[in-house]
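Here's the letter readout for the chains.
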Amino acid sequence: MRDEGHRRRVGAVRPSHLMFTSGVGALVDLPNFAVLVRGLDDWNHTHAYGWERINEPRLLEELRKLPGNHKVEELRPAPWTEGTDQDPGGPAAGVGVPTTPFPSNFRCTACDDLVSLDSGMLTFENANPRRPHEARFTHNVGKHKGKKPLAVAARFVLACTSGHLDEFPYSLFVHKGAECAKASHPKLRMEDRGGNVGANVELTCINCGDHRNMRDAGGERGLESLPRCRGRHPHLQQQFEPGGCGKPPKVLVLGASNQWFSQMLSALAVPSGAGTTELDNLVEQYWDMLKDTPKDQYAVLRQFAPPMRDHFGKWDDDAVHEAAGRHRAALEGQQPEEDGAGVSPDLLTAEWEAFTSPGSHEPTPDFALRRLDGGVPEGLRGVFTDVVQVERLREVRVLTAFTRLDSPDKEDPTMVETVRLSGGDPTWLPASEVRGEGIFLRVSEDLLSGWEKRVAESTAMHLHREAYGTFREKRYSDRVGSGFERMRLWPGERYIALHTLSHLLVRAIALDCGYNAASLSEKIYTGTEGEPGGGILIYTAVPDAEGTLGGLVSQAEPGRLPHLVRQALRGALRCSSDPLCAERLPQAQADFLHGAACHVCLFVSETTCVNGNRFLDRRFVVPVGGAGQEKGLALYPEVP
């Protein structure tokens with residue numbers, strides 16, 4: 001936590017949490033109060049000894065195409081340094097991600113007084129450096145005899161769809177938009193009777209006696225009771241938008257899941273092209289270090305630059321210099337691209353090319369593939385056309401912005417207004433990297449294209465398309481303008497089949513390989529326009545050793561894979577929720593995006609699914625039967 005002039009440690013999170021749940025602008029609910037993660041302008045890596053920038057050139061190149069990110073030069077991990085275990089109160093405790101208490105209004109648990117942080121009536125206690133989570137504020141007024149009572153955060157805040165966040169205006173709310181008749185700075189009491197229902201919280205002005213219930217701040221009454229949004233971004237040093245915002249704010253309770261959504265980009269570290277060597281890939285990865293360094297200075301880099309010392313030891317200076325020359329010539333030969341600002345980055349094509357040609361590059365510490373000896377096992381030759389064991393992979397995730405109230409649409413980032421991470425255009429962005437393993441399975445293009453023709457005009461697929469349009473209209477109802485397109489970025493028919501097949505395999509793998517299902521992730525490859533494809537990557541990408549133990553790769557062995565796939569497909573034939581599940585289809589006015597799918601048969605955790613358990617339907621993979629079911633919808637009508 002930042003306290004003008006110094007820092008005090010109040011907790012810890014994993015680096016991955018800064019990408020998914022606790023990043024810049026997020027409210028982190030601690031045991032005794034809440035803090036807001038401050039913007040990148042306040043992050044300081046000066047004393048975070050030993051950190052290295054995270055290198056992923058392909059991701060950085062696509063990242064610069066997004067609005068406001070054209071100045072980004074590097075990706076950095078969160079500031080951190082060792083030493084808190086041995087000396088929890090030492091210098092290492094002052095290195096970390098800066099936060100500030102928010103909201104700044106507190107309720108005394110003894111007298112129910114509502115006290116602001118700048119009133120001078122609160123004392124911050126953080127006496128045990130080995131238990132930073134016990135940090136708390138106490139009410140220090142004289143009427144409390146003996147032990148100072150705990151003060152907890154007043155749990156209401158305001159947010160709007162433009163991503164602004166503000167304190168709840170308690171005094172203005174109690175006095176119905178007017179000033180207190182008896183005091184310029186009235187004292188308020190908040191009687192919290194428990195629960196998270198606004199009607200259980202009563203606010204009273206001690207000076208004049210006015211009182212009001214928090215239920216008046218919700219729904220239609222809230223539109224009349226609350227002032228318009230002031231355009232505040234508290235993570236940017238209390239910055240306000242010029243001229244305010246003017247949108248009607250929404251009341252949120254601390255801990256609400258819609259107070260912060262991350263907007264991320266992620267990419268696998270794949271080789272840049274066919275015929276590249278491990279040295280070529282390293283030169284591309286660390287090009288910022290090598291591009292302006294003459295060969296006679298390589299010895300200095302080998303001594304003082306950790307990347308050169310740790311990764312280039314197998315090659316002499318001449319070999320590194322030649323590889324740098326090849327990379328420079330390749331860059332100079334590239335035609336400058338038009339500005340792609342606003343275009344959704346294409347991060348899957350290079351990965352698809354790498355997986356479909358696993359023998360065209362050398363293995364690296366970040367990426368190593370092996371095609372099965374003898375090709376696809378005999379029992380699966382009608383199911384897949386290629387099976388690749390991904391023995392090593394590295395995934396880089398970068399936080400680019402965030403939203404409030406509505407989650408961002410990664411396929412259509414312009415639909416939801418995002419909030420920047422710093423006051424100006426950033427020169428770096430926070431990122432994390434994880435290593436793992438996986439299995440890549442390719443489905444026959446002839447099989448997929450023939451199936452698409454069969455189902456394109458079916459009633460079931462028509463209902464899925466209509467549900468997609470309805471979903472977009474309902475989700476973005478207050479943003480739909482004259483240029484709104486209902487079916488923009490529809491993922492396509494084959495995506496539903498591949499995504500469903502992926503979930504079936506993930507659930508089967510989790511039962512056999514020993515990995516927790518939440519430790520598995522998926523990527524769906526449907527090709528590009530004019531160059532269709534069909535493939536699934538199931539991989540581990542968790543920030544600990546569980547992701548690289550070899551248990552997943554072993555599931556692709558010829559003696560195991562046929563059994564696993566057979567188990568997945570046969571299990572899809574029936575669900576314990578049938579016939580309700582088997583007969584389910586998106587209906588008119590419904591906005592769910594799945595058909596024959598439920599928690600029993602197909603749904604997986606949010607950390608696993610690439611699309612929030614949407615675009616799933618068993619009937620498009622195997623024949624599920626049931627009353628009134630159309631014929632010929634299954635990708636695999638004959639289950640092996």
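Residues numbered from 1 in each chain as written. Predicted model: local features only at pLDDT ≥ 70, side-chain atom pairs only at ≥ 80, totals over all residues. Heavy atoms only, no water.

**Regarding the overall build of the chain**
Logical step 1: Counting its secondary structure elements, the chain contains 15 helices and 25 strands.
Logical step 2: By residue count, 51% of the 640 residues in the chain fall in the buried class.
Logical step 3: Partitioning the contacts of the chain with sequence separation of at least 6, the portion at a separation of at least 24 is 69%.
Logical step 4: Surface exposure of the chain reaches about 29,700 Å², of which carbon and sulfur atoms provide 49%. (Helix = DSSP H or I, 4+ residues; strand = E, 2+ residues; numbered from the N terminus. Buried < 20%, exposed > 50% of the residue type's maximum accessible area, 1.4 Å probe, protein only. Contact = heavy atoms within 4.5 Å. Areas by Shrake-Rupley, 256 points an atom, 1.4 Å probe, with all protein chains shown as cover.)

**Considering the pattern of salt bridges**
Logical step 1: Tallying each qualifying case throughout the model produces 27 salt bridges.
Logical step 2: When the shortest N-O distance is used, the salt bridge between glutamate 351 and arginine 58 registers 3.2 Å. With glutamate 351 in helix α10 (residues 349-356) and arginine 58 in helix α2 (residues 57-63), the pair connects residues that are 293 residues apart, well separated along the chain. Across the pair, arginine 58 and glutamate 351 agree in class, each one buried.
Logical step 3: Glutamate 417 is paired through a salt bridge with lysine 247; the nearest N and O atoms lie 3.7 Å apart. Taken together, the positions of glutamate 417 in the loop between β22 (386-403) and β23 (428-442) and lysine 247 in the loop between β18 (239-240) and β19 (250-253) put the pair 170 residues apart, joining distant regions of the chain.
Logical step 4: Taken together, the salt bridges that share partners define one network made up of Glu56, Asp366, Arg394, Glu433 and Arg435. (Salt bridge = Lys/Arg side-chain N within 4 Å of Asp/Glu carboxyl O.)

**Points about the environment of glycine 382**
Logical step 1: Here glycine 382 shows up in the loop between β21 (368-371) and β22.
Logical step 2: Looking at glycine 382, the relative accessible area reads 57%, which means it is exposed.
Logical step 3: Once the C-alpha coordinates of glycine 382 and valine 639 are considered, the two residues, 257 residues apart in sequence, prove to be 9.8 Å apart.
Logical step 4: Each residue touching glycine 382, except ones within four places of it in the same chain, is listed here: Leu447 and Tyr636.

**A few points about the sheet that holds β19**
Logical step 1: On the basis of which strands lie adjacent, the open sheet formed by 3 strands has the order β13-β12-β19 and antiparallel pairing. Each having just a single partner strand, β13 (165-167) and β19 make up the two edges of the open sheet. In this sheet, adjacent strand axes meet at a mean angle of 40° when their direction is disregarded.
Logical step 2: Sheet topology note: the strand β12 (residues 156-159)/β13 ladder contains 3 bridges and is antiparallel. Bridged to valine 157 within β13 is glutamate 167. (Pairing = 2+ DSSP bridges. Axes fitted to C-alpha atoms, helices over the stretch in contact; angles between N-to-C directions.)

**A look at the packing of helix α13 (residues 493-512) against helix α14 (residues 561-571)**
Logical step 1: Direction vectors running N to C along α13 and α14 enclose 120°, while the axes themselves pass 9 Å from each other. By the criterion of interaxial angle, the relationship of α13 to α14 is oblique. Between α13 and α14 lies a crossing whose hand is right-handed. Where α13 abuts α14, its residues Leu501, Leu504, Leu505, Ala508, Ile509, Leu511 and Asp512 lie against His563, Leu564, Val565, Gln567, Ala568 and Leu569.
Logical step 2: For the contact of α13 with α14, the class distribution of residues is 10 nonpolar, 2 polar and 1 charged. (Parallel < 35°, antiparallel > 145°, perpendicular 65-115°, else oblique. Left-handed = near helix turned anticlockwise from the far one by under 90°. Nonpolar A, V, L, I, M, F, W, Y, C, P; charged D, E, K, R; others polar.)

**Quick notes on the nonpolar core**
Logical step 1: Core analysis: the largest hydrophobic core is formed by 63 residues, its most contacted members being Phe384, Leu501, Leu505 and Tyr636.
Logical step 2: Secondary-structure elements contributing two or more residues to this core are β23, α11 (445-455), α12 (459-475), α13, β24 (520-528), β25 (531-540), α14 and α15 (580-583).
Logical step 3: Every residue in contact with leucine 501, bar those within four places of it in the chain, is listed here: Phe384, Val443, Ile536, Leu569, Val621 and Tyr636.
Logical step 4: Judged by nonpolar contacts, the second largest core, of 39 residues, contains Leu30, Leu59, Leu399 and Phe402. (Core = buried A, V, L, I, M, F, W, Y, C linked by side-chain atoms within 4.5 Å.)

**What to know about the confidence of the model for the chain**
Logical step 1: In this model, the chain carries a mean pLDDT of 82, and residues with pLDDT of at least 70 account for 88%.
Logical step 2: Here residues 2-6 is a poorly scored stretch, pLDDT under 50, and it has 4 contacts once near neighbours within four places are set aside; other chains count.
Logical step 3: Scored below 50 in pLDDT, residues 334-343 makes 7 contacts in the model with residues more than four places away or belonging to other chains. (pLDDT = per-residue confidence, 0-100.)

**Remarks on the sheet that holds strand β16 (residues 211-213)**
Logical step 1: Strands sit in the order β9-β10-β11-β7-β8-β14-β15-β16 across an open sheet of 8 strands; the sheet is antiparallel. Every interior strand has two partners, whereas the edge strands, β9 (122-125) and β16, have only one. Recorded for the sheet is a direction-independent mean angle of 35° between the axes of neighbouring strands.
Logical step 2: In this sheet, strand β11 (residues 150-153) lies alongside strand β10 (residues 136-139) in antiparallel orientation, the contact comprising 2 bridges. Across the sheet, residue phenylalanine 137 finds its bridge partner in β11, namely alanine 151.

**Thoughts on the side chain of asparagine 213**
Logical step 1: Within the secondary structure, asparagine 213 is located in strand β16.
Logical step 2: Among the polar contacts made by the side chain of asparagine 213, one reaches the side chain of glutamate 202 at a distance of 2.9 Å. (Polar contact = N/O pair within 3.5 Å; in protein donor to acceptor, adjacent residues only side chain to side chain.)

**Focus: the packing of aromatic side chains**
For any pair of aromatic rings, the description rests on two quantities: the centre-to-centre distance and the angle between the ring planes.
Logical step 1: Applying the stated rule across the entire model yields 20 aromatic pairs.
Logical step 2: Seen in terms of ring centroids, tryptophan 43 and tryptophan 428 are 5.9 Å apart; in terms of plane orientation they differ by 55°. Their pairing is tilted. Taken together, the residues span a long stretch of sequence, with tryptophan 43 in the loop between β4 (34-37) and α2 and tryptophan 428 in strand β23 at a distance of 385 residues.
Logical step 3: Residue classification places tryptophan 43 among the buried positions, given a relative accessible area of 8%.
Logical step 4: Taking the centre distance of 5.9 Å and the plane angle of 80° together, the rings of tryptophan 451 and phenylalanine 620 count as edge-to-face. A residue pair is termed long-range when its members are at least 10 positions apart, and tryptophan 451 in helix α11 and phenylalanine 620 in the segment after α15 qualify at 169 residues. (Phe/Tyr/Trp six-rings, centres within 6.5 Å; stacked < 30°, edge-to-face > 60°.)

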